[in-house]
Amino acid sequence: MQNRLFLSISLIVSFFATGTKSYAEEIRVLVADGPQGAHNFLETTPVLIEILKTQPRFVVTHTRSSEEACKDGSYQPSFADFDVVVMNEGFNAPLWPKATQTAFEKYMAEGGGMVSIHAANNCWPDWVEYNKMTGVGGWGGRNEKSGPYLYMDDEGKIIRDPAPGKGGAHGPAHEFEIKVRQPEHPIMKGLPLVFKHGPDELYDKLRGPAENVTILATAFSSPDQKGTGRHEPALMAISYHKGRVFHTILGHHTSQIQEGSFVTTFLRGTEWAATEKVTIPVPTEFPNQEKSSE
Ligand code: ZN
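Going along each chain's sequence as written, the residues are numbered from 1 onward. In keeping with the predicted nature of the model, local features appear solely for residues at pLDDT of at least 70, side-chain atom pairs appear and are counted solely at 80 or more, and the whole-chain, interface and lining totals rest on all residues. No hydrogens and no water enter the side-chain calculation; it runs on all heavy atoms of the structure.

The next subject is the coordination of the zinc ion. The zinc ion binds to the protein through His39 (NE2), His118 (NE2), Glu201 (OE) and His252 (ND1); the donor distances cover 2.0 to 2.1 Å. Listed donors are limited to N, O and S atoms within 2.8 Å of the metal, widened to 3.2 Å for Na, K and Ca; water is not among them, so incomplete-looking sites are possible. Note on geometry labels: four donors, all angles 85 to 135 degrees, give tetrahedral; four donors become square planar and six octahedral when opposite donors are over 155 degrees apart and every other angle is between 65 and 115; remaining cases are irregular. Coordination at the zinc ion comes from four donor atoms whose angles at the metal span 89 to 158°, giving a geometry best classed as irregular. Positions of the donor residues of the zinc ion, expressed as sequence spacing, correspond to H-x78-H-x82-E-x50-H. Residue His39 is located in the loop between β1 (27-33) and α2 (41-52), and its partner Glu201 is located in the loop between β8 (194-200) and β9 (213-220); the two are separated by 162 residues in the primary sequence. Only protein chains enter the accessibility calculation, which uses a 1.4 Å probe; a residue whose area is less than 20% of its type maximum is buried, one above 50% is exposed, and one in between is partly exposed. A residue is classified by how much of its surface remains accessible, and Glu201, at 11% relative accessible area, is buried. Runs of H or I in DSSP of at least four residues are treated as helices and runs of E of at least two as strands, each being numbered from the N terminus.

Here is the structure:
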């Protein structure tokens, strides 16, 4: 009896030791995508997975929704098995089943991680909690009812503008500068204060609940490129209850997501969303780098 008890205790102890060890070393990443109206997820998802797999700590799994599985309720990824969910969703994506929405809200509220890439802020305008997670979004009928426009003025003051109007726009793809606004944030620490990205779409006029959003970096949306003349949020950190979201507006297609500016911020943002810490270094050959005199 005593031996059996001892064996049980040993098993329990080794179970927890193994559990703790694997958690510390591995970051379990779920990449989620599905049919969508304006972006080629069939081409971008494999590239995103390849980029994630450059990190030995990342263990990557992929889940793909479908119209049918969303309609009949059978699309039910097991979020609890992952440290972070990378959303490569997009405009007009089929709405997740209600039970799956609730499961994802619970996962996030209890401390889960999410990464919103580019068009992942376009989908699901009526899923209230998802819009709190992305903070701001565009298209899909978003307007003043979705929440304020969020941007920075020339002095770096955060503006929440409730003015009526459509949410989400972009001019032609072009090269633009990313300006770091939170250089001490774990994702941004060590990056040049200003760096270039593109040609890519510079999302502007994004609006939404805009609660608990930290604007990590902005991009100036130039009127010369049919932009707003505002410093638009380009990289954001959002807290959702105990959960963390890294939101990047960058990454229209495969060439954009293979750019060093995207790769570095995406990998560091994914690690942060999963663990709250960043250990992935900024490459010394960080591309498009402009040393800022600030
Ligand atoms: Zn796009």
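In this fold, His185 is placed in the loop between β7 (174-180) and β8. Owing to a relative accessible area of 15%, His185 belongs among the buried residues under this scheme. Note on definitions: a residue-residue contact is assigned when non-hydrogen atoms from the two residues lie within 4.5 Å. The contact partners of His185, leaving out residues within four places of it in the chain, are Leu216, Ala237 and Trp272.

The residue Ala237 is located in strand β10 (residues 231-240) in this model. Owing to a relative accessible area of 5%, Ala237 belongs among the buried residues under this scheme. Sequence-wise, Ala237 and Ala217 are 20 residues apart; in three dimensions their C-alpha atoms are separated by 9.8 Å. The residues touching Ala237, leaving out its near neighbours within four places in the chain, are His185, Asn212, Val213, Thr214, Leu216, Val245 and Trp272.

Attention shifts here to the pattern of salt bridges. Just to be clear on terms, a salt bridge is a Lys or Arg side-chain nitrogen sitting within 4 Å of an Asp or Glu carboxyl oxygen. The final tally for this structure, using the stated rule, is eight salt bridges. Asp33 is the partner of Arg64 in a salt bridge, and the nearest nitrogen-oxygen pair spans 2.9 Å. With Arg64 in strand β2 (residues 58-64) and Asp33 in strand β1, the pair connects residues that are 31 residues apart, well separated along the chain. Ionic pairing is found between Glu110 and Lys106, a salt bridge with its closest N-O pair at 3.3 Å. As far as burial versus exposure is concerned, Glu110 and Lys106 are alike and both exposed.

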